[in-house]
Amino acid sequence: MFLDQGMIIFVLPAMLFALYAQSKVKSTYNKYARVFSKKGFTGAQVARKLLDDMGLYDVDVELTGGHLTDHYDPRSKKVRLSREVYHGNSLAALSIAAHETGHASQHANGYFFLTFRNNIFPVAQIGSQMAMPLFLAGFFFGSGILMEVGIALFSFAVLFQIITLPVEFNASSRAMAMLSAAGFIYPDEERGAKRVLDAAALTYVAATAVALAQILRLLLLRNRRD
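Summarised in this report is the structure supplied together with it. (Residues numbered from 1 in each chain as written. Predicted model: local features only at pLDDT ≥ 70, side-chain atom pairs only at ≥ 80, totals over all residues. Heavy atoms only, no water.)

**So, the overall build of the protein**
The test is simple: Comment: elements are numbered from the N terminus, with helices defined as DSSP H or I runs of at least four residues and strands as E runs of at least two. Throughout, exposure labels follow a simple rule: accessible area from a 1.4 Å probe, protein chains only, divided by the maximum for the residue type, with under 20% read as buried, over 50% as exposed, and the rest as partly exposed. Residue contacts follow a heavy-atom distance rule, with two residues in contact if any of their heavy atoms lie within 4.5 Å. The method behind every accessible area is Shrake-Rupley, applied with a 1.4 Å probe, and residues are considered shielded solely by the protein chains displayed.
Along the backbone of the protein there are seven helices and three strands. In the protein, the order of α-helices and β-strands from amino to carboxyl end is α-α-β-β-β-α-α-α-α-α. The principal-axis extent of the C-alpha atoms belonging to the protein is close to 65 × 35 × 25 Å. In the protein, buried positions account for 43% of the 226 residues. Restricting the contact set of the protein to residue pairs at least 6 apart, pairs at least 24 apart contribute 73%. Accessible area for the protein stands at about 11300 Å²; split by element, carbon and sulfur atoms hold 63% of it.

Right under this line is the structure:
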C-alpha cells in the first residue's frame, strides 16, 4: 500500500520536488537576509506605510512568533510578521512584508481567487483530515462508496492548493510593484527582492504538485481495487 505504483510514479517525485522547494526557500532567504536594503526601512515600517498608502488604516501590523510564520489574517485584518521580518531591514524582510501586505490589498479589493479560497477553506480543511482515513477504510474493507467519498473530500484540498497559486503569485506581483512605487528599494535591489518572492512561490507550486500526485495515486488505487 505504501510502496504502491502510484506512490512511486506520482507521490515520491512530487515529494522530492517539495524538498527541493523548501531548500530553495531556505537558501534564498538566508542569502538575502544578509543583504540589507540601502534605505534601511524595517519590514514593519514597509508594511505600515504600504497599508496607509492604500487607505487600509484598519489593518494592523503586529509581531508574531516563529520563523517565516508571516501571514495576513483576513478575519482579524492583521498583517503578522515574524521577528526577523518585523524588525529586519534586509531585502528578504522587505519582500516578505510587502507580500503579506499584498494579501491585505487583495482582501480589500475583493480579489476573486482570495475570496474563493477563503470560502472553500473549511471544506478543504475537513477534506484534508478525513479523506485518507475514509479512503483507506474503503480500500481495506472493499467499500467503493467510502473510497469515492474519500476522493471527493480530498479533491477540495487539491482545489484549495490550486486556487492558492494565483493568490500567492498575485500577492508577489503586487509586492514588487508597491516596493518600487513607494521607493523602498532601488532598481538594483529589485532582482534580489524578486528572487525571494519567486523562491517562496515555489513552495506553493510544490504543495500543489504533491496534492495532485496524491489524488492521482488514490484514483489509481481505486481503479485497481475495482
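**Digging into the packing of helix 2 (residues 43–53) against helix 4 (residues 91–109)**
Going by this rule: Between N-to-C directions, angles span 0 to 180 degrees; the directions come from axes that are lines fitted to C-alpha atoms, helices contributing only their stretch in contact. Each angle receives one of four descriptions, namely roughly parallel if under 35 degrees, roughly antiparallel if over 145, roughly perpendicular if within 65 to 115, and oblique otherwise. If you view the pair so one helix is near and one far, a crossing is left-handed when the near helix is turned anticlockwise from the far one by less than a right angle, and right-handed when it is turned clockwise.
Two elements in contact, helix 2 and helix 4, have axes separated by 8 Å at closest approach and are oriented at 30°. Comparing the axis directions of helix 2 and helix 4 gives the class roughly parallel. Every pair of crossing elements has a handedness; the one defined by helix 2 and helix 4 is right-handed. Taking contact as the criterion, the partners of Gly43, Val46, Ala47, Leu50 and Leu51 in helix 2 are, on helix 4, Ala93, Leu94, Ala97, Ala98, Thr101 and Ala104.

**Some remarks on the environment of Ala193**
On the secondary structure map, Ala193 appears in helix 7 (residues 190–225). Apart from the residues lying within four places of it in its own chain, the contact partners of Ala193 are Ser95, Met176 and Ile185.

**Here's the deal with the nonpolar core**
Quick reminder of the rule: In plain words, nonpolar cores are sets of buried Ala, Val, Leu, Ile, Met, Phe, Trp, Tyr and Cys residues tied together by side-chain atoms within 4.5 Å.
Leu51, Val59, Val79, Leu81, Val85, Ala104 and Leu179 are the most contacted members of the largest nonpolar core, which totals 30 residues. Secondary structure elements with two or more residues in this core: helix 1 (5–32), helix 2, strand 3 (78–82), helix 4, helix 6 (144–181) and helix 7. With eight residues, the single largest contributor to this core is helix 4. Phe135, Met147, Ile151 and Leu221 belong to the second largest nonpolar core, which has 12 residues in total.

**Quick notes on the packing of helix 4 against helix 7**
Quick reminder of the rule: Here the nonpolar group is Ala, Val, Leu, Ile, Met, Phe, Trp, Tyr, Cys and Pro; Asp, Glu, Lys and Arg are the charged ones; every other residue, Gly included, is treated as polar.
Here helix 4 crosses helix 7 at 60°, and the two axes come no closer than 9 Å. In terms of their interaxial angle, helix 4 and helix 7 are classed as oblique. Two packed elements cross with a definite hand, and for helix 4 against helix 7 that hand is right-handed. Between helix 4 and helix 7, the contacting residues are Leu91, Ala92, Ser95, Ile96 and His99 on the first element and Gly192, Ala193, Val196 and Leu197 on the second. Class assignment for the residues of the contact of helix 4 with helix 7 results in six nonpolar, three polar and no charged.

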